[in-house]
Amino acid sequence: MSLQSGLDAFQQGQYQEAVYLLEEFSQNSLELNSPDYLTAQMWLMKAYQKTGDTEQATILWQKLINSDNPQVREWAEQDRPFFSSVTQPSFQKAGRAAAVGVNLAMGGVGGSLALASGVTIALLFGMVFVLGLSLVLIASSSDPVTGLAIAIAITLIFNLAAFFFSPFLMDLSQNWLYKTRWVNLAEIENLSPETGKIIRQVCQQKNITTPRLGIIDDQNPTAFTYGSLPNSARLVVSQGLFTYLDDDEVATVYAHELGHIVHWDFAVMTVASTLVQICYLVYSTARRFTRGGGDNKIKDALETAGFVAYIFYVIGTYLLLYLSRTREYFADHFAAETTGNPNGLSRALVKIAYGIVEEGSRAQEPSRLIEGTRALGIYDHKAATTTGTAYRISSDPQKIGRVFLWDMFNPWGWWMELNSTHPLTGKRVRALSTYAEQLGLPTEFDMGKVMGEGKTLNKKKLYGNFFLDVVLYGAEAIGLFLGLFIGVLLWSASTTSNPGLMLGAPFIGLGIGILIKAFVMFPDYMKAPTTDILTLMSDPYASPLRGQPAKLQGELIGRGDSGYKFGSDLKLQDPSGMLYLHYASRFGPIGNFLFGMKRVETLIGQQVGTIGWFRRGVMPWMDLIQLEGENGTIVNSYHRFWSFILSGGSIILGVVLIVLFSSN
């Protein structure tokens, strides 16, 4: 088949024939970067469009827009409006302010960024000072203090060097890992005219140099900033940002990242991180010097200092995460004030989540870019599944807003946010909605209705389930200690003084604790209802511990393990969204590895029925029970297996110890 015959068929309007000829030519091409192959791909995309095969046209366009050939990218860019309209839902925009630069109150979200940063760093400095003072006052020996002083000096020098040289090191890693293209402002302005205006406006008003601007040729939408000083900052986005977001939405994302630069976020976070590292150094140094025998004042003092240092390290880590979340809120606030378009940023966050879900549904492996830039990026990709899924199937912002109920009201949301660098999406959208209200704008997502619905939720059920979950997380330890307590009581009250009661009862308690936890985590699934992914994600009472039995129908579209070629987890897609399936073998990690190596690849692309236990954390997932194919069960998963084995073994061991010692 010749290329020209395919092109002739297209020119004559014989589009189905052109598809056949161009597909045949492409499949037989040996050089995938040759001009003829690229030409065939370009006109094949056009032929797909003409025949109404939008899905195939979109897939091919995504490849062309990411081509290494600049002429091909430029050619594909001409079709962006068409593919932007067909690849994502759309709904009526709520509007933006006529004027920009209006001061917006943050209410309960923030307060003073300088105060938040100052208090956090002051507390961390105070912790380090107390630790240093306690060690200096240790009597009789200077060795520990000298060693600690050297370690702290090295840490400070290393972090100071990292502070100034990290931009260049990051440049190298960006180029190596993601092939970042450094571009001028004119190219950004060509892709998003409003973004060019925003960059010029902010840099002029804040008297800073235009950041070094980068684009990563990846369709997963993201944006991040790094550097040491505002005038040496880098602002990098992915090509997917321009694919999934409109011009005004892209501008709000750039304004958010410029907010990080203006606020010196990377400098503040570097200082705070250094102080936390020093606390850990004090802990590790004290622990090293207290190993071995001996009992003296120096060792006792070092043990105390090490314990306090570890407590300070844990507190410091959470202070650091708090500061990171606070700075995200303030960057959102800066973008809202700078652009006068808080609704645009709300929409951008939701569309970024949608883009991550869409790209994830097309790829068999999770994105290295999204995983690698999780802490830096504007959006935590682990929170994308629920929001992106809702946007994917609904053009009604009110329906999309319902998935934020879990973020706003479930106690697990608050608990898990403590360990996150980013606020939950629902809370960010809620804050942006308050800015829109201050500007006299209708809100993009009716968060007032969401808040109203949240107030009608059963608080007893929400908090009762949460506290029950917390207790159940420690069921094994509780069972062990209760068993020990009961064993001691029975042993002391026994006329035979059987020591087996004291030895065996803790094992029986441990086994019962494991068993109770297993039944709560993995309840009876025989009557699991048939549902869809979005319905499960919209449940505000969902828990990461209490599994919700459910049946789903969909297609297995790839692996769920990031960057792991032999990962055993899967991605399931149904008409309402995408969900990760967690597999567990009866043979433990070895069985999981073998399943990932031998079976997963053969399952991808199959239509299946799924039974499992749904769980909701920052990222929702399902613990797999069975996969059903056309001819019956094709996969069984055994999440409860080891719980039953361990609980049964522990109870039997306890009984054996009691019987054994009673016979003596």
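Please refer to the structure higher up on the page.
Anyway, here's the lowdown on the structure attached to this text. (Residues numbered from 1 in each chain as written. Predicted model: local features only at pLDDT ≥ 70, side-chain atom pairs only at ≥ 80, totals over all residues. Heavy atoms only, no water.)

1. Description of the overall build of the protein
On a plain count of helices and strands, the protein comes out with 29 helices and 10 strands. Long-range contacts, defined as pairs at least 24 residues apart, comprise 72% of the intrachain contacts of the protein with a sequence gap of at least 6. For the protein, the accessible surface area stands at approximately 30,000 Å², while carbon and sulfur atoms represent 61% of it. (Helix = DSSP H or I, 4+ residues; strand = E, 2+ residues; numbered from the N terminus. Contact = heavy atoms within 4.5 Å. Areas by Shrake-Rupley, 256 points an atom, 1.4 Å probe, with all protein chains shown as cover.)

2. Concerning the side chain of S650
Mapping S650 onto the fold places it in helix 29 (residues 641-663). Within polar-contact distance, the side chain of S650 engages the backbone oxygen of F507 at 2.5 Å. When neighbours within four sequence positions are excluded, S650 is seen to be in contact with F507, I508, L510 and G511. (Polar contact = N/O pair within 3.5 Å; in protein donor to acceptor, adjacent residues only side chain to side chain.)

3. Topic: the sheet that holds strand 1 (residues 181-183)
Spatially, four strands are ordered 1-2-4-3 in an open sheet, and the strand pairing comes out mixed. The open sheet has two free edges, formed respectively by strand 1 and strand 3 (223-226), since each of these has just one partner strand. The mean inter-strand angle of the sheet, taken between neighbouring strand axes irrespective of direction, is 25 degrees. Relative to strand 2 (residues 212-216), strand 1 is paired through three bridges, and the arrangement is antiparallel. Bridge pairing links R181 to I215 in strand 2. (Pairing = 2+ DSSP bridges. Axes fitted to C-alpha atoms, helices over the stretch in contact; angles between N-to-C directions.)

4. Quick notes on the packing of helix 2 (residues 15-28) against helix 3 (residues 35-51)
Contact geometry of helix 2 with helix 3 gives a least axis separation of 9 Å together with a crossing angle of 150 degrees. One way to sum up the angle between helix 2 and helix 3 is to call them roughly antiparallel. Considering the relative orientation of helix 2 and helix 3, their crossing is left-handed. Taken together, the residues of helix 3 that come into contact with helix 2 (itself represented by Y15, Q16, A18, V19, L22, E23, F25 and S26) are D36, Y37, A40, Q41, W43, L44, A47, Y48, K50 and T51. Of the residues belonging to the contact of helix 2 with helix 3, the class tally is 11 nonpolar, four polar and three charged. (Parallel < 35°, antiparallel > 145°, perpendicular 65-115°, else oblique. Left-handed = near helix turned anticlockwise from the far one by under 90°. Nonpolar A, V, L, I, M, F, W, Y, C, P; charged D, E, K, R; others polar.)

5. Brief notes about unusual backbone geometry
Of note in the backbone geometry, N207 takes a positive phi value of approximately 55 degrees without being a glycine. Along the chain, N207 falls in the loop between helix 10 (193-206) and strand 2. Despite not being glycine, W264 shows a phi value in the positive range, around 60 degrees. Mapped onto the secondary structure, W264 falls in the loop between helix 12 (247-262) and helix 13 (265-289).

6. Looking at the nonpolar core
By size, the foremost hydrophobic cluster in this structure holds 99 residues, and its most contacted members are L241, Y254, Y379 and L627. Look past the residues within four positions of L241 in its chain and what remains in contact with it is P221, T222, A223, V250, V253, Y254 and I352. (Core = buried A, V, L, I, M, F, W, Y, C linked by side-chain atoms within 4.5 Å. Buried < 20%, exposed > 50% of the residue type's maximum accessible area, 1.4 Å probe, protein only.)

7. So, the pairing of strand 5 (residues 548-559)
As paired elements, strand 5 and strand 8 (residues 607-615) share eight bridges and run antiparallel to each other. From the neighbouring strand, P549 faces strand 8, where its bridge partner is W613. Two strands pair when backbone bridges link them, and strand 5 and strand 6 (residues 570-574) are joined in this way by four bridges, in the antiparallel orientation. Counted as the bridge partner of G558 is K571 from strand 6.

8. Considering the side chain of E257
With respect to the helices and strands, E257 occurs in helix 12. Buried and unpaired, E257 has no salt bridge, with R428 as the nearest side chain of opposite charge at 7.2 Å. (Lys, Arg positive; Asp, Glu negative; His and termini not counted. Salt bridge = Lys/Arg side-chain N within 4 Å of Asp/Glu carboxyl O.)

9. Digging into the pattern of salt bridges
Once their charged atoms are close, side chains differing in charge can pair, the charge on each being opposite to the other. Summed over the entire model, instances satisfying the criterion amount to 16 salt bridges. With a shortest N-O distance of 3.3 Å, R181 and D217 are connected by a salt bridge. One end of the pair, R181, is in strand 1; the other, D217, is in the loop between strand 2 and strand 3, and 36 residues separate them in sequence. Here K351 makes a salt bridge to D246, at a shortest N to O gap of 3.4 Å. With K351 in helix 15 (residues 342-362) and D246 in the loop between helix 11 (239-244) and helix 12, this pair connects stretches of sequence that are 105 residues apart. Residues participating in the shared-partner salt-bridge network are D246, D248, E249, R347 and K351.

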